[in-house]
Amino acid sequence: MSELIELVKKAFENDDFAELLCGENGYAIDGDRNIPGVPDGIPTDFGRVISGIFRLYELTDDEKIAAKTKEALLTLIGGSPEHVWCAFMIVSPLIGKYEKGRAPFELADEEVVVWLRKALYANEDELRRCKRWLGAGCEDGLWQEILRIDGNYKEDMGVGVLGE
């Protein structure tokens, strides 16, 4: 198995999926900064994390992986503003992918999106003040990037986390 799959498997076995999703406690996954679209200002390569989770699911066909991933997302959504941002970074690109056959299980279901939207708006002030990661150099911190990213998904796919 690849190093990525081994790390995902370790997180699964240790009930550390929330840490894996946001790159904490030794679970950060570096992205290839030479690939367009992989920003420097992130705590982990969210796309590779999800790819690893989906790949482990496909290799094992273990439904617990889907359940633990959703549970970890909901944990992040109920956590700090930075954890809510991590959940946003994971959920946004997944909206509609399951329905199109591009994901082996649904993560961005209505329950997750609704809770995430509520958590984003509840944490807006703190996210505006957060100048870490993609929020560095932004007047409105991570909130500014959330608006930009959500707007891009709305424009490209017709749907976003923040609603209308």
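Computed from a prediction, not measured in an experiment: that's the story for all the values here. Residue positions are given per chain, counted from 1 along the sequence in the order it is written. Local features in this predicted model are restricted to residues whose pLDDT is 70 or higher, and side-chain atom pairs enter the listing and the counts only when it is 80 or higher, whereas totals over whole chains, interfaces and linings include all residues. Where side-chain values are given, they derive from all heavy atoms of the structure, hydrogens and water being excluded.

Asker: Quick rundown of helix H6 (residues 110-122)? Include the residues and the values.
Answerer: The helix count covers DSSP runs of H or I at least four residues long, the strand count covers runs of E at least two residues long, and both are numbered beginning at the N terminus. Between the first and last residue of a helix there are one fewer steps than residues, each counted as 1.5 Å, and that sum is the expected span. Here H6 contains 13 residues, and its C-alpha end-to-end distance of 18 Å stays within 8% of the 18 Å for a straight helix at 1.5 Å per residue. On the buried face of H6, the contacting elements are helix H4 (63-77), helix H5 (81-91), helix H7 (124-129) and helix H8 (141-157). Note on contacts: a residue pair qualifies if any of its non-hydrogen atoms lie within 4.5 Å across the two residues.

Asker: I'd like a rundown of the nonpolar core, residues and numbers included.
Answerer: By convention a nonpolar core is built from buried Ala, Val, Leu, Ile, Met, Phe, Trp, Tyr and Cys residues, the set being connected through side-chain atoms within 4.5 Å. To sort residues, take the accessible area from a 1.4 Å probe on protein chains only and compare it with the maximum for the residue type: under 20% means buried, over 50% means exposed, and anything in between is partly exposed. In this structure, Leu20, Ile53, Trp85 and Leu120 are the most contacted members of the largest nonpolar core, which totals 55 residues. Here the element with the most residues in this core is H5; it accounts for 8 residues.

Asker: An account of the pattern of salt bridges is needed here, citing residue identities and associated values.
Answerer: Definition used for salt bridges: Asp or Glu carboxyl oxygen within 4 Å of a side-chain nitrogen of Lys or Arg. On inspection of all chains with the given rule, the structure shows 9 salt bridges. A salt bridge links Arg55 to Glu58; its shortest N-O distance comes to 3.8 Å. Here Arg55 pairs with Glu58, and both are found in helix H3 (residues 46-60), just 3 residues apart, close to one helical turn. Classification of Arg55 as partly exposed rests on a relative accessible area of 40%. Here Glu58 falls in the partly exposed class, since its relative accessible area comes to 47%. Arg132 is paired through a salt bridge with Glu82; the nearest N and O atoms lie 3.0 Å apart. Here Arg132, found in the loop between H7 and H8, pairs with Glu82, found in helix H5; they are 50 residues apart in sequence, far enough to count as distant.

Asker: Break down the packing of aromatic side chains for me, citing the residues and quoting the values.
Answerer: Any Phe, Tyr or Trp ring, taking Trp's six-membered ring, that has another such ring centre within 6.5 Å forms a pair; planes under 30 degrees apart are called stacked, those over 60 apart edge-to-face, and the others tilted. For the structure on display, the rule yields 6 aromatic pairs. With a centroid separation of 5.0 Å and 85 degrees between ring planes, the pair formed by Phe54 and Phe105 is classed as edge-to-face. Of this pair, Phe54 sits in helix H3 while Phe105 is found in the loop between H5 and H6, placing the two residues 51 residues apart along the sequence. For the residue pair Phe54 and Phe105, the accessibility class agrees, reading buried in each case.

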